[in-house]
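Structural overview
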Amino acid sequence: MRIASVVGTRPQLIKAAVLQPLLRARHDEVFIDTGQHYDEALAGAFVGELGLVPPEHHLGVGGGSATEQTAAMLARLEPILSAERPEIVIVYGDTNSTLAGSIAAAQLGLPVAHVEAGLRSFDRRMPEELNRVVADHLSTWLFAPTPTAVANLLAEGIVEGVVRVGDLMQDLAARVSAGIRDPAVLDSIAAQLAATGTPGLELRPGGYILATIHRAENREPAALRAWAGLLGAVARPGRPVVLALHPGTRAALASAGVAVPASVRIIEPQGYRTTLALQLHATAVLTDSGGIQREAAWLGVPCLILRDRTEWVEAVADSGGRMVVVGLDGGRAASELDRLAPLDRAASIARDRAAGLHLEPTGAAAAIVGALEAGVGARESGR
């Protein structure tokens, strides 16, 4: 089969890194990068680190509003898909790239396969929610990662083409987890950070909190002030917050004139393995990222979710209280951290967590490729 894969962000590159080798071993893949994460630190380095084939087509769409991005992607995708004429277009997740890939393919009469279908936060104010709903209703194949995702699709009347396949991101985390378990990895990360502009950051197991914040709702001035105060509220002497700062969030802080407290150490976005290692050995993770939430769940790290709700409801429900939706409430965040990672036990908890880490893959790539092959075969035999 000839298959076009549309990506544009770091989480999509992570998923593609697991699926692409099997796709290319058995089929003809055209790899298209919209450029939604246009910063080299955000996406460019991921291609090499994760062993991805460089995209055959790079659209160079970065910046602008969601509407501007999506419109530019549609204009540039249409002639590419028309020329390449794939039998299937694969889209991933819930970004503007997902939305544009789905619409462009559907308008050309090309079947869409949505990886990570069925997730719902039930908050239409979130652009990601709109993107995932539209992509699901345009898709021929809907590859759901969880039972709740399947149930969400059935509740919306989507029955055909729904397959629960597992999670590509968990499969990649399982593949690399053995290489990040040793706390000595923190020394090499600290040395790398010192060499690239962040000197004097001491990284010890349980001795720092990792934070990532990038969603549109958390770039509004009031939200910026709220989470900056929250990060200051949870930092402690000898336990700084390490904020891996998205370039769009950095620009929003500068535009609003909001400064983060001195107890928050800002670093550039890191590569995949470094980010995973920083999560594993941290006291806790504070994030608004869906992908980081899932990784924290698999790694067993306490995770405070800086949103009012999450689409990864099972991760929270199954965490035994280790994952908590706190929004931007600094007082609640501080009290939850005191409960989950008391200062006098944080180091031993982090060391024990890393020593006992063992992740099982879900086999999502094989399930996706198998379902596509079976589906195309059935469609052709029915002609």
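Our structure's up above, just so we're on the same page.
Residues numbered from 1 in each chain as written. Predicted model: local features only at pLDDT ≥ 70, side-chain atom pairs only at ≥ 80, totals over all residues. Heavy atoms only, no water.

Brief notes about the side chain of T283
Here T283 shows up in the loop between α11 (272–280) and β11 (284–287). For T283, the contacting residues outside a window of four places in its chain are G206, G207, Y208, I209, R239, P302, A341, A346 and R353. (Helix = DSSP H or I, 4+ residues; strand = E, 2+ residues; numbered from the N terminus. Contact = heavy atoms within 4.5 Å.)

So, the pairing of β11
Burial along β11 is two-sided: A284 and L286 and V285 and T287, pointing in opposite directions, are all buried. Where strand β8 (residues 209–212) and β11 come together, four bridges link them in parallel fashion. The residue of β11 that forms the bridge with T212 is T287. Examined bridge by bridge, β11 and strand β12 (residues 303–305) share three bridges and lie parallel to one another. Within β12, the position partnered with L286 by the bridge is L304. Handedness of the crossover joining β11 and β12 through helix α12 (residues 290–299) is recorded here as right-handed. (Buried < 20%, exposed > 50% of the residue type's maximum accessible area, 1.4 Å probe, protein only. Pairing = 2+ DSSP bridges. Right-handed = clockwise from strand over helix to strand, strands pointing away.)

Re unusual backbone geometry
Negative phi characterises most residues that are not glycine, and trans characterises most peptide bonds. With a phi close to 85 degrees, E116 is a non-glycine residue in the positive phi region. Structurally, E116 can be placed in the loop between β5 (112–115) and α5 (127–138). Assessed through its relative accessible area of 9%, E116 is described here as buried. Phi is positive for F122, close to 60 degrees, though the residue is something other than glycine. As for its position among the elements, F122 is in the loop between β5 and α5.

Points about the environment of H27
Looking at where H27 falls in the secondary structure, it is placed in the loop between α1 (10–26) and β2 (28–33). Distance in space between the C-alpha atoms of H27 and R2 is 6.3 Å, their sequence separation being 25 residues. For H27, the contacting residues outside a window of four places in its chain are M1, I3, V369 and E373. In terms of polar contacts, H27 uses its side chain to reach the backbone amide nitrogen of M1, at 3.1 Å. A distance of 2.6 Å separates a polar atom in the side chain of H27 from a polar atom in the side chain of E373. (Polar contact = N/O pair within 3.5 Å; in protein donor to acceptor, adjacent residues only side chain to side chain.)

As for the sheet that holds β5
If you trace the seven strands from one edge of the open sheet to the other, you get β3-β2-β1-β4-β5-β6-β7, paired in parallel fashion. Strands at the two margins of the open sheet, each flanked by one partner only, are β3 (57–58) and β7 (162–164). As judged from the two bridges shared by β2 and β3, these two strands associate in the parallel manner. Among the inter-strand pairings, D33 is bridged to a residue of β3, identified as H58. The strands touched by helix α4 (residues 96–107) are β1 (2–7), β4 (88–92) and β5; relative to β4, the strand with the most contacts, the crossing angle is about 160 degrees. (Axes fitted to C-alpha atoms, helices over the stretch in contact; angles between N-to-C directions.)

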